[in-house]
Amino acid sequence: MASASSIRLADPGGIQLCRVLREDGSGLLKGKHGPLPDREQLETIYRAMLTTRLLDDRMLKLQRQGRVAFVGTASGLEAAIHGSAAAFDEEDWVFSALREGGAAVQRGMALYDYVAHMFGNDDDTAKGRQMPNHFQCPEVHFPSWSSVIGTQLPHAVGAALAMKQRGEKRVVCAYSGDGATSSNGFHAALNFAGVMKAPVVFVVIDNGWAISVPSAKQTAARSYGSKGKAYGVAGFDVDGNDPLACYQEVRKAVDRARAGEGPSLIALRSYRLGGHSSSDDPSRYRNPEEFEYWSKRDPLLRFERYLEAEGLLDEAKREKWVLEIQTQIAAAVEKAEAVGPPKLETLVEDVYEQPPRYLTRQVVEALRIVAEKGEADGVAGKFPL
Ligand SMILES: Cc1ncc(C[n+]2csc(CCOP(=O)(O)OP(=O)(O)O)c2C)c(N)n1
Ligand SMILES: [Mg+2]
């Protein structure tokens, strides 16, 4: 039996969250709002949210069938991810963590490339060397994540400082989770960014949990937004299930960074509806009532309600889009599955301009063994993580 405290855990006790959209999605809250998405952006954000939800659903099924090795879903976080991603321009760079791959698609990464990476096939931009769900797309300025929590943050600040030094007007988006705020990388990144006024926006997606550690127990700080203060970085706490508030606060931070006013930390309060990953069983540590509480606050439903009230969406249009996206995903899966794994020769590419002789020798030896004995047994469905 769940106690009220589980809800309090999930709902930040007494922290004022910046919010634009009413909780039931029926319209905007009264008051003066900052920059908001125009009609075209509203549609882009919604389609991106829907795409992420449908991709997650399909990828998780493929994982359960042993066809994809690993998935880290973003279900429940779509407003936080896509509302914030919409606030950056094409020339900006996005350093992500595990769950923001949909932002690369929103920025123009082909759906096929997303799926090819999930399969780690010969078309995978990571050449099958990453775990799935570690997307990279140079064309949309989306570098790969390393899986080591928080390491993308100093990288993001380094990139932002390089842009500043070159006199470019680009801004960097640095995503992380609530758990990552306890990492060395978070401290180093915020400190450097604050001191050197790097044009970077730290977007912390507080999804309630870091695997089995609740976000309320991750820090003794009053809120995640307040963590910026000691570094001289402007910090804000935002309702992460409100795509308009996410866009608004991140957009203001982007504008400040572009104007040379330095970094900001925007904490988006949301909830991970799925498990930590396809290897996790959240029922081992999470209260079912907490899940109930947050599924009633599904950001997709809330945004749909708003778009309907604005005359931008109706059931027929929604169904058409769902079908369209599902068809695209199905075609991408079919194509990706037909492509074999990356060629063995690619194993030592990209790291050295001229691979050292001992590595080249190992590849030659591996190719000889495969030619003689064939490929090793498949490991489908046995991924250990
Ligand atoms: C340095 C390091 N420590 C521990 C881990 C194991 N680990 C993987 S994900 C994770 C939790 C991350 O939580 P959070 O930052 O809140 O992101 P979320 O998964 O909730 O999106 C941990 C501890 C890791 N990958 N790297
Ligand atoms: Mg988390």
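Because the structure is predicted, anything quoted here is derived from the model rather than measured.

## Here we look at the pairing of strand β3 (residues 200-206)
1) Next: Taken across its seven residues, β3 has seven buried, putting it largely inside the fold.
2) Next: Along β3, one buried face is formed by V200, F202, V204 and D206 and the opposite face, lined by V201, V203 and I205, is buried too.
3) Next: One ladder, built from six bridges, connects strand β2 (residues 172-177) with β3; its direction is parallel. The partner of C173 across the bridge, within β3, is V201.
4) Next: The handedness of the β2 to β3 crossover, carried by helix α7 (residues 184-196), is right-handed.
5) Next: Sheet analysis places β3 next to strand β7 (residues 264-269), joined by six bridges and oriented parallel.

## Comments concerning the domain arrangement of the protein
1) Next: Under the domain assignment used here, the protein contains domain 1 (4-28 + 35-338) and domain 2 (344-373).
2) Next: Taking the mean C-alpha position of each, domain 1 and domain 2 sit 37 Å from one another.

## Quick notes on helix α8 (residues 243-258)
1) Next: Here α8 contains 16 residues, and its C-alpha end-to-end distance of 22 Å stays within 8% of the 22 Å for a straight helix at 1.5 Å per residue.
2) Next: Buried residues dominate α8, accounting for twelve of its 16 residues.
3) Next: The set of residues buried in α8 consists of P243, L244, A245, C246, Y247, Q248, E249, V250, R251, A253, V254 and A257.
4) Next: Looking at the buried side of α8, the elements it contacts are α2 (39-64), α3 (78-85), β3, β6 (234-239), β7 and α10 (299-309).

## Details of the nonpolar core
Across soluble globular proteins, nonpolar side chains show a tendency to be buried alongside one another.
1) Next: Among the nonpolar cores identified, the biggest contains 90 residues, and A156, V172, A174, V200, V201, V203 and I266 are the most heavily contacted of them.
2) Next: The element contributing the most residues to this core is α2, with nine residues.
3) Next: Among residues more than four places away in sequence, those in contact with V200 are A156, V157, A160, V172, A174, A193, A257 and P263.

The rules behind each value
Residues numbered from 1 in each chain as written. Chains lettered and ligands numbered in written order. Predicted model: local features only at pLDDT ≥ 70, side-chain atom pairs only at ≥ 80, totals over all residues. Buried ≥ 20, exposed ≤ 12 C-beta atoms within 10 Å, placed from the backbone. Helix = DSSP H or I, 4+ residues; strand = E, 2+ residues; numbered from the N terminus. Pairing = 2+ DSSP bridges. Right-handed = clockwise from strand over helix to strand, strands pointing away. Domains from an automatic or database assignment. Expected span 1.5 Å × (residues − 1). Contact = placed C-beta atoms within 7 Å. Core = buried A, V, L, I, M, F, W, Y, C linked by C-beta atoms within 7 Å.

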